[in-house]
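An overview of the molecular structure
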Amino acid sequence: MRWFFILITAAILHACSSKPVIPAADRSITPLKAASSQPSDSSNLLQWGGVIIETRNLRETTEIQILAYPLDEDGHPDTDANTIGRFIAQQPGYLETVEYAVGRLVTATGKLSEVRQGQVADSPYPFPILDCDEITLWPEHKSRPKPRIRFGFGASSGGGGFGSIGISF
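For clarity, every value in this text was computed on a predicted model and none was experimentally measured.

The next point concerns the environment of S28. When you line up the elements, S28 lands in the loop between α1 (2-16) and α2 (31-36). By relative accessible area, S28 is classed as partly exposed at 46%. Considering only alpha carbons, one finds S28 and P70, 42 residues apart in sequence, at a separation of 9.6 Å.

If you want it as structure tokens, here you go:
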């Protein structure tokens, strides 16, 4: 029975600690920098994140076009900051487009493979391609209902003549 509790505790701790922070990943090279001057050393592990613009499943890979934002200390995209470019995260295999939908937040870790010319609307745009080792899909934040606080006043007839005050949530 004791082992059961240890396993459950370990599983919960592992689930709670799944942050995509990889200390060896370089965040100083932004997608804009990579697109304008592709680093000569493409063996560096990079970590970028942002908002999904488009997800496309190809024959052997899935490509996710991402509007990049700086990452906070946990690797979560900071969408309150200014954007730092666009990039394409390339992952081998199939990723479900319903899960990796437009507007979802992701963090991608991998190596820069190339800079591919594409378009954003009618303008040419150089997209850095990140061959990903890992893509973290952040949970959607659902709006929480506002707390409801109620105050009530009442009287008791317990013989002492004391009133009562109630607070409920």
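One key point about sheets: their strands pair by backbone hydrogen bonds, in either a parallel or an antiparallel sense. The five strands lie next to each other as β1-β2-β3-β5-β4, forming a closed barrel whose pairing is mixed. Put simply, the sheet's adjacent strands are angled 45 degrees from each other on average, direction ignored. Of the strand pairs in this sheet, strand β1 (residues 45-57) and strand β2 (residues 61-69) are connected by eight bridges, and their pairing is antiparallel. Across the sheet, residue R56 finds its bridge partner in β2, namely E63.

Right, let's talk about the environment of K111 for a bit. Structurally, K111 is set in strand β4 (residues 105-120). Measuring from C-alpha to C-alpha, the distance between K111 and N44 comes to 6.1 Å, with 67 residues separating the pair along the chain.

Looking now at the pattern of salt bridges. Enumeration over the complete set of coordinates arrives at two salt bridges. E63 is the salt-bridge partner of R116, the closest N and O atoms lying 3.0 Å from each other. Of this pair, R116 sits in strand β4 while E63 is found in strand β2, placing the two residues 53 residues apart along the sequence. Between R104 and E140 there is a salt bridge, with the nearest N and O atoms lying 3.7 Å from each other. Of the two residues, R104 is situated in the loop between β3 (86-92) and β4 and E140 in the loop between β5 (123-137) and β6 (150-155); the sequence distance between them amounts to 36 residues. Residue class for E140 comes out exposed when judged on its relative accessible area of 53%.

If you look at the biggest cluster of nonpolar residues, it comprises 19 residues, and the most contacted ones within it are I64, F87, A89 and I135. When contributions to this core are tallied by element, the ones reaching two or more residues are β1, β2, β3, β4 and β5. With residues up to four places along the chain from it excluded, the contact list for I64 reads I52, E54, T55, F87, I88, A89, L95, Y100 and I135. Residues V51, L67, Y69 and L105 belong to the second largest nonpolar core, which totals five residues.

Parameters and conventions
Residues numbered from 1 in each chain as written. Predicted model: local features only at pLDDT ≥ 70, side-chain atom pairs only at ≥ 80, totals over all residues. Heavy atoms only, no water. Helix = DSSP H or I, 4+ residues; strand = E, 2+ residues; numbered from the N terminus. Buried < 20%, exposed > 50% of the residue type's maximum accessible area, 1.4 Å probe, protein only. Pairing = 2+ DSSP bridges. Axes fitted to C-alpha atoms, helices over the stretch in contact; angles between N-to-C directions. Salt bridge = Lys/Arg side-chain N within 4 Å of Asp/Glu carboxyl O. Core = buried A, V, L, I, M, F, W, Y, C linked by side-chain atoms within 4.5 Å. Contact = heavy atoms within 4.5 Å.

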